[in-house]
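# Architecture and fold: a report
If you want the building blocks of each chain, they are given just below.
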Amino acid sequence: SDELVGKIPYNSLKKREHGHANAVVPPPGVTAQPDSSALTASTLTESAMTAKTGGAARLGSNATVESLDRVRVDASEQPLTTNQGVPVSDNQNSLKAGLRGPSLLEDFILREKVTHFDHERIPERVVHARGSAAHGYFEAYGALRKYTRAAPFAEKGKITPVFARFSTVAGERGSKDTARDARGFAVKLYTDEGNWDLVGNNIPVFFIQDAMKFPDLVHAIKPEPHHGMPQAGSAHDTFWDFVSLMPESTHMLMWVMSDRGIPRSYRMMQGFGVHTFRLVNEQGESVFCKFHWKPLLGTHSLVWDEAVKIAGADPDFHRRDLWEAIESGEFPEWELGLQIFTEEEAESFSFDVLDSTKLIPEEMVPLTPVGRMVLNRNPDNFFAETEQVAFCTAHIIPGIDFSNDPLLAGRIHSYVDTQITRLGGANFHELPINTPLAPVQNNQRDGIHRQSLNRGRVAYEPNSLAGGCPFQAGTAGFVSFPENNTEDKVRGKPAKFAEHYAQATLFFNSQTAVEKAHIAAAFRFELSKVEVPAIRERMLSSLVNVSTELAAEVAAGLGMQVPAAMPKAIADAEPAEISVSPALSLTALPGERGIRTRQIAVLVEDGVHHAALADLHLALTNAGAVVHFVGPRVGLFTGSGEEIIEANKSLENAPGVLFDALVLPDGAEAVKALGSNIDTLDCIKDQFRHGKTILALGAGQALLEMAGIAAARDKVPGILLATGTDMIEIAPVFIEAIAAHRHPSRECDQPGK
Ligand code: HDE
C-alpha cells in the first residue's frame, strides 16, 4: 500500500514482493539496477493476436513469470557470498593450519558449501520422474458461463498464466526421452480463483479402472526389484505378466504400442484429462466434460528403430526440442477442446464414463474448442521450477468438479500425499513455482520451511479477536456439486466396467495400415523380450479378442501359433455405437504449421557446390525450418568455388536420426569424400529406412547408390532428385515432402525387408 512506499528496502532482485507492487519503484536516491528480465525479453513476448478471440494477449506479460521475479537471482557483476550473504575471499582453498597442515574445523565456508552439496538431491517422482516444463498462458476463445463459472473461461480473450510439464512415466529422472511409454501432460493454471492443475497424459485412457491397482501396475512396469532392470521400458516379464492378467489394460496397451508411445516431440502430441470431470455454472448446474489438448504442429511420432538410436545419440531429445523451440521464439501451442455431455446422455452410452479405460469417440460427442495454450518461456532453473512443481489432481477451482471415477478418487489423495515426501513437508505450496497468484489466507500454520509470516494472534475460526477473519466465502467459494448418493457401501465395479475389448478393437480398426503394422511390431518386440512363454501366450490370447489379424501378426513374429481367445468377463456386452473413429488415427491431425521447427541436415565436405545449398538454406529457413550444415567433422569446409562453409554439427556428434530430412550436396570431389565415410552412409541408410525425406542434388545422387539404395532412384516417395543448380522449383517440393513428416510406404522395418 501507499504508506509502505519508501519503507520497504529496495532490492532490485526481488522487485515484486507479494502484495507490494510498489517495491518495484526504487526509493529516492537509489539507482535502479538494470532489469534482469530484459535479458530474456525475447522469450517473454506473447504472440500478439489470435483469430479466434480477436483480442490481443498483453505483450510481454505473464503473471507467473513476473511473480517469480521476487526469487530470481542474477549474479552478474556480484561478489560470491556464503548463504548468509558474507562475501567470500577465496573459493579455491580450504582453511589450513599451515600450507601442508591439517584443515580446520572452523572453516565455516568449506563446511557450508559441502553440507549444502550433500543435501542437493530430493526423491524423484515415483512415476513421471523424467520431465521438462515451460511457462506460458491460456487464452479463452469466449465466455463459457453457460456451463462453468471457472475463472479461465470467464470471458473472451482472458489470459491465465500456466506452467506445463511433460514427462515419461516409467523411467527414472536421468532416463532417455524416447522410451516407449505414455507421456504426462500436466498443466498448472494460476487462475484468479486459485490454482487448477489439469494433470493428464498424451493418451486418453488408462491401464486400470480403480486406484486400488495403481501400485501394482507401477511395480510391474518399473525395473524388476531383484536386479533393477530394465530402465524406462515395459518390455519385460513383470509388466506383461500383470497386463495379460488385467484385460482392462488392453485398450491402453493398444495406444502405448502404437506410435503414440514414441512421439516426435512434446510439441507434437495431444493431451487428455482422461477422467470425466464436471463443469458447474453459477446456478449450480452441472454437465460432464472431458478435456483435450490438440497441438497446432499436428501429431507426429518416431519409428521404433529411430527412437532406439536417438536414445543413444541424444537421450535429451524431447527436452532439447522443447527448450530450443521456445528459445528461438517458436512457441508451441495447443487448442483446448471440451467434450461436454449430460449425465443422461452418459447413461445411454454402451460404456461407463466413470471408467478411465474408455474414451468417448469424438464422433459421439464432438469437441468444443474453448481456448488455446501457448508456452512462451523456458524456466530459469530446472530444479526450482520443473523439479519442484507439484501437480495435484486435488487442485481444482470453483466451476470444475470431480466425477465419481474411482481412479480419479485415488489420485485426489495421492498427489498431495506424494509431494509431502518428495518436497519435504506440508508447505510445498509455498515453493515459488507452486504459489497461487490468488491470495492465500487461512489458519494453517507452521511446519518445516514455512515461508509466510502470518500476522496476528488468531489462527483459529470462529474467532472474534480477528473480526471472524479470514471469513468463509459462502457460495462465492468452492461448492462441491451436490450429487445424490443413495447406494450401499460396497467394494465392486459397475456392470459396464466388465467390457474390456470393444474400444481396443475400435482403436485398432481406426488406424491406417502403417499404424497397424507399427502396433503389431511393437507387440512383437515387447513380447519377444518376455522370457516366460506362458505370459506371451496369455497376452496373445487376449489380443485375439481385439483383432484376429493383430493376434496372427504378432504370433507369427514370435514364431507361435495363435492361441484360443481369452474368456471374456462379460458375454452379453452392449454393442458399441461405432466401429471406426477416424479421430483416433495420428493422421487425423497433420498440423497447421508446415515445416516450422523441423531439423534439416545438409551434408557438407570440401568441394561441395555452395550456391544451391545457400539458396536451399534460405528457402528452408524462410519456411521456418532449422537447417544444419553437417560435416564429417565440425568446422570450416571450402566449397568448389572457394566459399567457406561452417559445419555446426558432425555426423559423429549428430547422427542422421536426429534430423527430419536430409540434403545430399552436389560436387564430385565432396561426394567422393562423403561416400568413403561410413557415418555418411549410415546416415543415409537411416533416413531411408525411417521414411524421411531425402533431397539428392546432382552428383550427390550417387550417394544413394553407395548407401545401397539403388532402388530408391526412381519415383520413390520422399526421395527427391535435382540437378543441383536451380533451387526455385525443387525447394517447394522438398518443403511439401518434409511437411508430410514421413513417407511410410518406404519404411522397411519389418523382419526380412
Ligand atoms: Fe499420476 N501420479 N497417478 N496419473 N501422474 C503422479 O504425483 C497416481 C494417473 C500423471 O509432471 C505422482 O507428483 C495414482 C493417470 C502425470 O509432475 C503420483 C494414479 C494420469 C504425473 C501419481 C495415477 C496420471 C503424475 C508421482 C491412479 C493421466 C506427473 C509424482 C489412481 C490422467 C505430474 C507426483 C508432473 C504423477 C499417482 C494415474 C498423470 C504418485 C495413484 C490416470 C502427468 O502422485
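Residues numbered from 1 in each chain as written. Predicted model: local features only at pLDDT ≥ 70, side-chain atom pairs only at ≥ 80, totals over all residues.

### Here's the deal with the overall build of the chain
Looking only at helices and strands, the chain features 20 helices and 18 strands. When contacts within the chain are restricted to residue pairs at least 6 apart in sequence, long-range pairs at least 24 apart make up 74% of them. (Helix = DSSP H or I, 4+ residues; strand = E, 2+ residues; numbered from the N terminus. Contact = placed C-beta atoms within 7 Å.)

### With respect to the environment of Ile203
With respect to the helices, strands and loops of the structure, Ile203 is situated in the loop between strand 4 (194-201) and helix 4 (214-221). Ile203 gets classed as buried once you count the C-beta atoms within 10 Å, which come to 25. For the pair formed by Ile203 and Ser175, sequence separation is 28 residues and the distance between their alpha carbons is 21 Å. In this view, Ile203 contacts Ala182, Met252, Trp255, Val256, Arg260 and Phe272; residues no more than four positions away in its chain are not counted. (Buried ≥ 20, exposed ≤ 12 C-beta atoms within 10 Å, placed from the backbone.)

### Description of helix 18 (residues 678-689)
For helix 18, which comprises twelve residues, the first-to-last C-alpha distance of 16 Å matches the rise-based estimate of 16 Å (1.5 Å per residue) to within 8%. Among the residues making up helix 18, those that are buried are Thr680, Cys683, Ile684, Asp686, Gln687 and Phe688. One or two steps after helix 18, the chain reaches Gly691, where phi turns positive at roughly 75 degrees. (Expected span 1.5 Å × (residues − 1).)

### Some words on the confidence of the model for the chain
Of all residues in the chain, 90% have pLDDT values of 70 or greater, and the mean over the chain is 91. Ignoring residues within four places in sequence, the model shows residues 31-51, a span with pLDDT below 50, making 34 contacts including any to other chains. Low pLDDT, under 50, characterises residues 54-61; the stretch is placed with 17 contacts to residues that sit more than four places away or in other chains. Reported for the predicted complex are a pTM of 0.92 and an ipTM of 0.98. (pLDDT = per-residue confidence, 0-100.)

### A look at the site of the ligand
Around the ligand lies a shell of 25 residues, among which Arg125, His128, Gly184, Ala211 and Val274 are the nearest. Breaking the shell around the ligand down by element, the ones donating at least two residues are strand 2 (159-168), strand 3 (183-191), strand 4 and helix 11 (406-422). Across the shell around the ligand, the residue classes tally to eleven nonpolar, eleven polar and three charged. (Near = placed C-beta within 6 Å. Nonpolar A, V, L, I, M, F, W, Y, C, P; charged D, E, K, R; others polar.)

### So, the sheet that holds strand 18 (residues 719-722)
Ordered by their spatial adjacency, six strands build an open sheet running 15-12-11-16-17-18, and the pairing between neighbours is parallel. In this open sheet, the two strands that pair with only one neighbour each are strand 15 (649-650) and strand 18. Of the strand pairs in this sheet, strand 11 (residues 599-603) and strand 16 (residues 661-664) are connected by three bridges, and their pairing is parallel. For Val602, the partnering residue across the bridge sits in strand 16 and is Val663. Here helix 16 (residues 610-622) sits on the sheet in contact with strand 11, strand 12 (626-631), strand 16 and strand 17 (693-697), set at roughly 150 degrees to strand 12. Along the sheet, helix 18 makes contact with strand 11, strand 16 and strand 17, crossing strand 16 at roughly 135 degrees. (Pairing = 2+ DSSP bridges. Axes fitted to C-alpha atoms, helices over the stretch in contact; angles between N-to-C directions.)

### Let's talk about the pairing of strand 8 (residues 333-341)
Both strand 7 (residues 286-295) and strand 8 contribute to a ladder of eight bridges, which runs antiparallel. Among the inter-strand pairings, Phe291 is bridged to a residue of strand 8, identified as Leu338. For strand 8 and strand 9 (residues 368-377), the ladder comprises six bridges, and the chain directions are antiparallel. The residue of strand 9 that forms the bridge with Gly337 is Pro369.

### A closer look at the pairing of strand 17
Burial within strand 17 is extensive, with five of its five residues counted as buried. Residues Thr693, Leu695 and Leu697 line one face of strand 17 and the alternating positions Ile694 and Ala696 line the opposite face, and both faces are buried. Across four bridges, the pairing between strand 16 and strand 17 is parallel. Its bridge partner lying in strand 17, Val663 is registered against Leu695. Where strand 17 lies against strand 18, four bridges are found, and the strand directions are parallel. Bridge pairing links Leu697 to Ala722 in strand 18.

### As for the domain arrangement of the chain
Bring the parts together and some accessible area is lost; that lost area is often taken as the interface size. Each assigned domain of the chain is listed with its residue range as follows: domain 1 (82-120), domain 2 (131-434), domain 3 (516-587) and domain 4 (599-746). Summarising the inter-unit geometry, the C-alpha centres of domain 1 and domain 2 are found 44 Å apart. (Domains from an automatic or database assignment.)

### Observations concerning the environment of Glu112
On the secondary structure map, Glu112 appears in helix 3 (residues 108-118). Residues contacting Glu112, with those up to four places away along its chain left out, are Thr82 and Asn83.

### Overview of the nonpolar core
Ranked by size, the top nonpolar core spans 112 residues in total, and within it Ala164, Met254, Met373 and Val554 carry the most contacts. The two domains that each donate at least three residues to this core are domain 2 (131-434) and domain 3 (516-587). Those residues in contact with Met254 that lie beyond four places of it in its chain are Ala504, Phe507, Phe508, Ile519 and Val546. One finds Ile310, Leu603, Leu616 and Leu721 within the second-largest nonpolar core, a separate group that totals 60 residues. (Core = buried A, V, L, I, M, F, W, Y, C linked by C-beta atoms within 7 Å.)

### Some remarks on helix 6 (residues 250-257)
The α-helix winds at 3.6 residues per turn, so residues separated by three or four positions along the chain end up facing the same way. Most of helix 6 is tucked away: eight of the eight residues are buried. When helix 6 is considered as a whole, its buried residues turn out to be Thr250, His251, Met252, Leu253, Met254, Trp255, Val256 and Met257. Against the buried residues of helix 6 lie helix 5 (237-244), helix 12 (502-509), helix 13 (513-528) and helix 14 (533-546).

### What to know about unusual backbone geometry
Cis geometry is found at the peptide bond from Glu461 to Pro462, where omega equals 10 degrees. With respect to the helices and strands, Pro462 occurs in the loop between helix 11 and helix 12. The peptide bond linking Cys469 to Pro470 adopts the cis configuration, its omega dihedral lying at -10 degrees. The residue Pro470 is located in the loop between helix 11 and helix 12 in this model. If you check the backbone angles, His128 has positive phi at about 60 degrees while not being a glycine. Residue placement: His128 occurs in the loop between helix 3 and strand 1 (131-140). Residue class for His128 comes out buried when judged on the 23 C-beta atoms lying within 10 Å of it.

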